[in-house]
Every structure is written in C-alpha cells, then in structure tokens.
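The residues making up each chain are set out below.
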Amino acid sequence: QVQLVESGGGLVRPGGSLRLSCAASGFTFSYYGMRWYRQAPGKERELVARISSSGGISNYADSVKGRFTISRDNAKNTVYLQMNSLKPEDTAVYYCNTYLATTNYWGQGTQVTVSS
C-alpha cells in the first residue's frame, strides 16, 4: 500500500534552517509528482511546494519563494524540502502528498516550530 513517511521537523530559531524528508513506498515513485503542504493551528492546509516526477519542474507558494527548495531523489524514493531563513509564520505541521489513481495520499506530518 502507499506510504509516505515524513521526518526532519523540530524546533528552530528564526533565521534557521531545516530539511524535511519524505520517504515513499508502495508505488512507482519516479512516475508521480510530489507536494509539500503545511497546516498551521486554526488555518487551512496550504500547498507549499510541488515537484514534477523527474524533478525538472518545481513551483512554490509566494510566501516561501526564495527560501524553500523542493527536490527529490528517485533512486531513494524520497522527496525533500530544504527550508532556509525560517520565520515564526512558517510554524506548522508539514505534510508530504501525492495524487495517484484518483486518490490523495498523505503522510502523518512532521511538526516545524520556529520560535526564539
């Protein structure tokens, strides 16, 4: 079955960096685009970044453009989110996502807290 397992979250000070990872299994990873979403307390889940199946095309929310980088390693079935210059408003649970065969699949999420 499809599984997405995120890791790499934690507590970081403003201006710091974190790298999130999402290990995928149960499907042919290299065939599908991948996305990172986040959800802050009391807010709707929002799309942060997405990457094409080959990794050649990526898109970002305006709020993270220039600070976050999405990448993937198809040999390791893993997608990454490098987050730099973190701000308190980046605090949220971050989720890995893919859409295949008319179904959205989500990981369990990893908490990112940006605070001094």
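Here the structure is a predicted model, which is why all the values come from computation and not from measurement.

S.K.: Could you give an account of unusual backbone geometry, with specific residues and numbers?
M.R.: A positive phi angle, near 55°, is found at Asn-77, a position not held by glycine. For Asn-77, a relative accessible area of 26% gives the class partly exposed. The phi torsion at Thr-102 lies on the positive side, around 65°, for a residue other than glycine. Inspection of the secondary structure puts Thr-102 in the loop between strand 9 (92-100) and strand 10 (103-106).

S.K.: Before we move on, could you go through the pattern of salt bridges and cite the residues and values that matter?
M.R.: Considering all chains together, one arrives at 4 salt bridges under this definition. Two residues, Arg-38 and Asp-90, come together in a salt bridge whose shortest N-O distance is 2.9 Å. Of this pair, Arg-38 sits in strand 4 (residues 34-39) while Asp-90 sits in the loop between strand 8 (78-83) and strand 9, and the two are 52 residues apart along the sequence. Here Arg-67 ties to Asp-90 by a salt bridge, and the two come within 2.7 Å at their closest N and O atoms. Taken together, the residues Arg-67 in the loop between strand 6 (58-60) and strand 7 (68-73) and Asp-90 in the loop between strand 8 and strand 9 connect sequence positions 23 residues apart. When sorted by exposure, Arg-67 lands in the same class as Asp-90, which is buried.

S.K.: So, the packing of aromatic side chains: which residues are in play, and what are the values?
M.R.: Under the counting rule described, the total for this entry stands at 4 aromatic pairs. Taking the centre distance of 6.3 Å and the plane angle of 90° together, the rings of Tyr-95 and Trp-106 count as edge-to-face. In this pair, Tyr-95 sits in strand 9 while Trp-106 sits in strand 10, placing the two residues 11 residues apart along the sequence. The residue whose ring lies beneath Arg-45 is Tyr-95, and the NZ or CZ to ring-centre distance is 3.8 Å. Positioned over the ring face of Phe-29 is Arg-72, at 4.2 Å from the centre of the ring.

S.K.: Describe the state of the cysteines, listing the residues and the values that go with them.
M.R.: Going through the model one piece at a time under the given rule, you end up with 1 disulfide. A disulfide bridge connects Cys-22 with Cys-96, and the sulfur atoms are separated by 2.1 Å. Across the disulfide from Cys-22 to Cys-96, rotation about the S-S bond amounts to roughly -80°, and the bridge is consequently left-handed. With a gap of 74 residues between them, Cys-22 in strand 3 (residues 18-25) and Cys-96 in strand 9 connect regions that are remote in the sequence.

S.K.: Any details on the nonpolar core? Residues and values, ideally.
M.R.: Considering soluble globular proteins, one finds that nonpolar side chains tend to be buried as a cluster. Membership of the largest hydrophobic core comes to 29 residues, with the highest contact counts inside it found for Trp-36, Val-79, Leu-81, Met-83 and Tyr-94. Of all the secondary-structure elements, those providing two or more residues to this core are strand 3, strand 4, strand 5 (46-51), strand 7, strand 8, strand 9 and strand 11 (110-114). Ignoring anything within four residues of it in the chain, the contact list for Leu-81 reads Leu-18, Arg-19, Leu-20, Trp-36, Val-48, Ala-49, Phe-68, Thr-69, Ile-70 and Tyr-94.

S.K.: Which residues make up the side chain of Arg-72, and what values do they have?
M.R.: Relative to the helices and strands, Arg-72 is located in strand 7. Nearest to the buried, unbridged Arg-72 among oppositely charged side chains is Asp-73, at 8.3 Å. Engagement of the side chain of Arg-72 in a polar contact is seen with the backbone oxygen of Ser-52, the distance being 2.8 Å. Within the structure, Arg-72 has its side chain in polar contact with the side chain of Asn-74 (distance 2.8 Å).

Here is what the cut-offs are and how they apply
Residues numbered from 1 in each chain as written. Predicted model: local features only at pLDDT ≥ 70, side-chain atom pairs only at ≥ 80, totals over all residues. Heavy atoms only, no water. Buried < 20%, exposed > 50% of the residue type's maximum accessible area, 1.4 Å probe, protein only. Helix = DSSP H or I, 4+ residues; strand = E, 2+ residues; numbered from the N terminus. Salt bridge = Lys/Arg side-chain N within 4 Å of Asp/Glu carboxyl O. Phe/Tyr/Trp six-rings, centres within 6.5 Å; stacked < 30°, edge-to-face > 60°. Lys NZ or Arg CZ within 6 Å of the ring centre and 35° of its normal. Disulfide = S-S within 2.5 Å. Core = buried A, V, L, I, M, F, W, Y, C linked by side-chain atoms within 4.5 Å. Contact = heavy atoms within 4.5 Å. Lys, Arg positive; Asp, Glu negative; His and termini not counted. Polar contact = N/O pair within 3.5 Å; in protein donor to acceptor, adjacent residues only side chain to side chain.

Everything listed here is a matter of coordinates, which is why it stays silent on function.
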